[in-house]
Amino acid sequence: MSAQSAIAVDGHAIPQLGFGTWMLEPEDARRMVAEALRIGYRHIDTAWIYKNEAAVGDGIRDAIAAGHVAREDIWLTTKIWVEHFDREGLLKQAEESAASLGFTPDLLLLHWPKASPALKETIEALNEAKDKGLTHAIGLSNFPSKEFREAQALSKARLITNQVEYHPYQKLTTLLETARDLGSSITAWSPLAQGKIADDPTINEIGKAHGKSAGQITLRWLIQQGVIAIPRTTKVSRAQESFDIFDFELSAEEMQRIHALARPDGRLGDWLDKDFQWDEEWA
């Protein structure tokens with residue numbers, strides 16, 4: 001397996017392929033985080049609402065104890081839940097998350113936009129958490145472009161990523177452009193469309209040409225866009241397969257064929273509050 005790539009954002013080197021832990025029970029989270037780090041992943045993603053931060057921290061310690069990795073080589077992300085967006089609540093959860101993990105996270109995200117409390121209070125508190133040393137960097141998750149721009153305008157520090165659903169069945173042109181404009185990045189959750197890409201004829205045809213699976217082709221498509229991807233699995237073999245994407249390249253024509261799979265009903269997980277609207281991509 002070839003060494004993976006990283007992207008530079010505001011002085012931070014973020015490994016482009018991460019291991020996600022959404023919906024992983026603590027036992028699986030600990031086991032798979034340790035295995036992912038053994039395989040070569042250097043980016044781990046969790047969140048307070050996943051209820052597995054302590055297990056993720058244990059998995060990291062297991063990998064360190066086994067000699068597979070050093071803490072300074074791991075990029076660790078967690079997220080502030082929406083019920084903690086007031087200043088006091090955010091700072092308290094940031095402290096709790098760091099304690100549960102047993103490590104200072106490299107990146108602390110706001111999990112979804114909320115109309116109340118005011119974004120200004122939340123962004124100022126997020127910056128305060130960074131200033132207090134509760135995280136090394138800050139960012140967002142599931143913010144449409146309008147709110148992404150507003151948040152950055154209010155933030156003293158660079159918001160270094162916006163973690164959103166992105167896979168071949170979604171068009172993300174506007175948000176990708178917004179991230180570039182703001183000197184930020186996009187991180188893709190559910191990058192394999194929750195397994196729906198496995199039977200896609202176009203992706204599998206491209207896969208045959210490269211001797212790769214549909215999942216490997218899809219992750220490579222994301223990486224070549226400069227997007228960060230965080231697939232998750234409970235299977236070590238699948239984690240190994242997903243990591244083996246750095247020894248080939250998709251052509252411009254192959255990239256475009258995958259882009260063409262996007263459709264208006266492609267979103268799989270929509271928990272955006274009614275106060276906000278996703279970017280309009282299909283006008």
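Whatever comes next refers back to the structure up there.
Note that the structure is predicted; figures quoted are calculated from it, not measured.

Draft legend 1. Region of interest: the packing of aromatic side chains. In this structure the tally under the stated criterion is seven aromatic pairs. Ring centres 6.3 Å apart and planes at 65° place the aromatic pair W112 and W278 in the edge-to-face group. You can see W112 sitting in the loop between β6 (107-110) and α4 (119-131) and its partner W278 sitting in the segment after α10 (252-259), a full 166 residues away along the chain. The exposure class of W112 is buried, given its relative accessible area of 8%. The partly exposed category is assigned to W278, whose relative accessible area is 21%. A centroid spacing of 5.3 Å and a plane angle of 45° characterise the contact between Y166 and W221, whose relative ring orientation is tilted. You can see Y166 sitting in the loop between β8 (159-165) and α6 (173-181) and its partner W221 sitting in helix α8 (residues 214-224), a full 55 residues away along the chain. Across the pair, exposure class does not vary: Y166 and W221 are buried alike.

Draft legend 2. Expanded view of the pattern of salt bridges. Counting across every chain of the model gives 20 salt bridges. Linking K120 and E124 is a salt bridge whose minimum nitrogen-to-oxygen distance equals 2.6 Å. Pair noted here: K120 and E124 are both in helix α4, with a separation of four residues, about one helical turn. Two residues, K156 and D131, come together in a salt bridge whose shortest N-O distance is 2.7 Å. Here K156, found in the loop between α5 (145-154) and β8, pairs with D131, found in helix α4; they are 25 residues apart in sequence, far enough to count as distant. Bridged by salt links that share partners, the residues R30, D58, R61 and D62 form one connected network.

Draft legend 3. Looking closely at the sheet that holds strand β3 (residues 19-20). As summarised here, the arrangement of the eight strands in space is β3-β4-β5-β6-β7-β8-β9-β10, forming an open sheet in which the pairing is parallel. Two strands lie at the open edges of the sheet, namely β3 and β10 (228-229), each paired on one side alone. One ladder, built from four bridges, connects β8 with strand β9 (residues 186-189); its direction is parallel. The residue bridging E165 from the neighbouring strand is W189, located in β9.

Draft legend 4. Expanded view of unusual backbone geometry. The omega torsion across S116 and P117 is 5°, close enough to zero to call that bond cis. Among the secondary structure elements, P117 is positioned in the loop between β6 and α4. For A193, which is not glycine, the phi torsion reads 55° and is therefore positive. Looking at where A193 falls in the secondary structure, it is placed in the loop between β9 and α7 (201-210). Judged by its relative accessible area of 0%, A193 is buried.

Procedures and definitions
Residues numbered from 1 in each chain as written. Predicted model: local features only at pLDDT ≥ 70, side-chain atom pairs only at ≥ 80, totals over all residues. Heavy atoms only, no water. Phe/Tyr/Trp six-rings, centres within 6.5 Å; stacked < 30°, edge-to-face > 60°. Helix = DSSP H or I, 4+ residues; strand = E, 2+ residues; numbered from the N terminus. Buried < 20%, exposed > 50% of the residue type's maximum accessible area, 1.4 Å probe, protein only. Salt bridge = Lys/Arg side-chain N within 4 Å of Asp/Glu carboxyl O. Pairing = 2+ DSSP bridges.

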